Amino acid sequence: MSIQDIIEGKKQWRAHVARVKALPPDYQIVYTEMQKYLFKVGPVSLSDGSLLPGIVDFFEEGVAAGKGVLELIGTDVAAFCDDLIKDSPTYADAYQESIGGEPGAAGK
């Protein structure tokens, strides 16, 4: 990773954060909780940079339609996030696979 890549990544992240801050307060709170949950669960696809901006796109559409954030995602933020990443491998799955277990079998 070059210095230019790091600089470009920071620019993209700052633009993303600015979009989040432009959302209404209730959307910002839910987005922050979703982000925390997704960073904790660790879907491998999170690092490719399309999931979080996709959530912001979805929220911006909801704002434009005049809907509340809970009308869009429901009252269970974790369940909504789980549904978003249900087909994505997580770092826990990758670790479980590396030690010889079945992916998705952690915690069962």
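Note that this is a predicted model, so its numbers are computed, not measured.

Calculation notes
Residues numbered from 1 in each chain as written. Predicted model: local features only at pLDDT ≥ 70, side-chain atom pairs only at ≥ 80, totals over all residues. Heavy atoms only, no water. Helix = DSSP H or I, 4+ residues; strand = E, 2+ residues; numbered from the N terminus. Contact = heavy atoms within 4.5 Å. Phe/Tyr/Trp six-rings, centres within 6.5 Å; stacked < 30°, edge-to-face > 60°. Buried < 20%, exposed > 50% of the residue type's maximum accessible area, 1.4 Å probe, protein only. Core = buried A, V, L, I, M, F, W, Y, C linked by side-chain atoms within 4.5 Å. Axes fitted to C-alpha atoms, helices over the stretch in contact; angles between N-to-C directions. Parallel < 35°, antiparallel > 145°, perpendicular 65-115°, else oblique. Left-handed = near helix turned anticlockwise from the far one by under 90°. Patch = residues over 30% accessible without salt bridge, like charges linked within 9 Å, V, L, I, M, F, W, Y side chains within 5 Å. Areas by Shrake-Rupley, 256 points an atom, 1.4 Å probe, with all protein chains shown as cover. Salt bridge = Lys/Arg side-chain N within 4 Å of Asp/Glu carboxyl O.

Undergrad: Sorry if this is basic, but what is going on with the side chain of Q35 here?
TA: Among the secondary structure elements, Q35 is positioned in helix α2 (residues 25–41). Ignoring sequence-local partners within four residues, the contact set of Q35 consists of W13 and L52.

Undergrad: Help me understand the packing of aromatic side chains, please; the structure alone is not making it clear to me.
TA: One pair of aromatic rings is described through two measures. These are the centre distance and the angle between the planes. Enumeration over the complete set of coordinates arrives at three aromatic pairs. With a centroid separation of 5.2 Å and 75 degrees between ring planes, the pair formed by Y27 and F59 is classed as edge-to-face. A residue pair is termed long-range when its members are at least 10 positions apart, and Y27 in helix α2 and F59 in helix α3 (residues 51–64) qualify at 32 residues. For the pair formed by Y27 and F59, the shared burial category is buried. Taking 6.1 Å as the distance between ring centres and 15 degrees as the angle between the ring planes, the aromatic pair formed by F58 and F80 counts as stacked.

Undergrad: Would you take a moment to explain the nonpolar core for this structure?
TA: As a rule of thumb, soluble globular proteins bury nonpolar side chains together. If you look at the biggest cluster of nonpolar residues, it comprises 20 residues, and the most contacted ones within it are V30, Y31, M34, L38, I55, F59 and I73. Elements supplying a minimum of two residues to this core: α2, α3, α4 (69–73) and α5 (77–84). Those residues in contact with I73 that lie beyond four places of it in its chain are V30, F58, F59 and F80.

Undergrad: Hey, could you run me through the packing of α2 against α3 in this one?
TA: Between two packed helices, both the angle of their axes relative to each other and the distance between the axes serve to describe the pair. At a minimum axis separation of 11 Å, α2 and α3 run at an interaxial angle of 160 degrees. With respect to each other, α2 and α3 are oriented roughly antiparallel. The two elements α2 and α3 meet at a crossing, and its hand is right-handed. Residues Y27, V30, Y31, M34, Q35, L38 and F39 of α2 form the contact with α3, whose participating residues are L51, L52, I55, V56, F59, G62 and V63.

Undergrad: I'm lost on the packing of helix α1 (residues 3–21) against α2 in this one. Help?
TA: In the contact formed by α1 and α2, the axes pass within 9 Å of each other and the chain directions differ by 135 degrees. Classified by the angle their axes make, α1 and α2 are oblique. Between α1 and α2, the contacting residues are W13, H16, V20 and K21 on the first element and Q28, Y31 and Q35 on the second.

Undergrad: Got a minute to help me understand the environment of Q28 in this structure?
TA: By secondary structure assignment, the location of Q28 is in helix α2. Spatially, the C-alpha atom of Q28 lies 9.6 Å from that of V56, the residues being 28 residues apart in sequence. Not counting residues up to four positions away in its chain, the partners in contact with Q28 are V20, K21 and L23.

Undergrad: Mind showing me how you'd approach a nonpolar patch on the surface here?
TA: Among the surface-exposed residues, M1, I3, I6 and I7 lie close enough to one another that they form a single nonpolar patch of about 460 Å² accessible area. Following the sequence through the fold, I7 ends up in helix α1.

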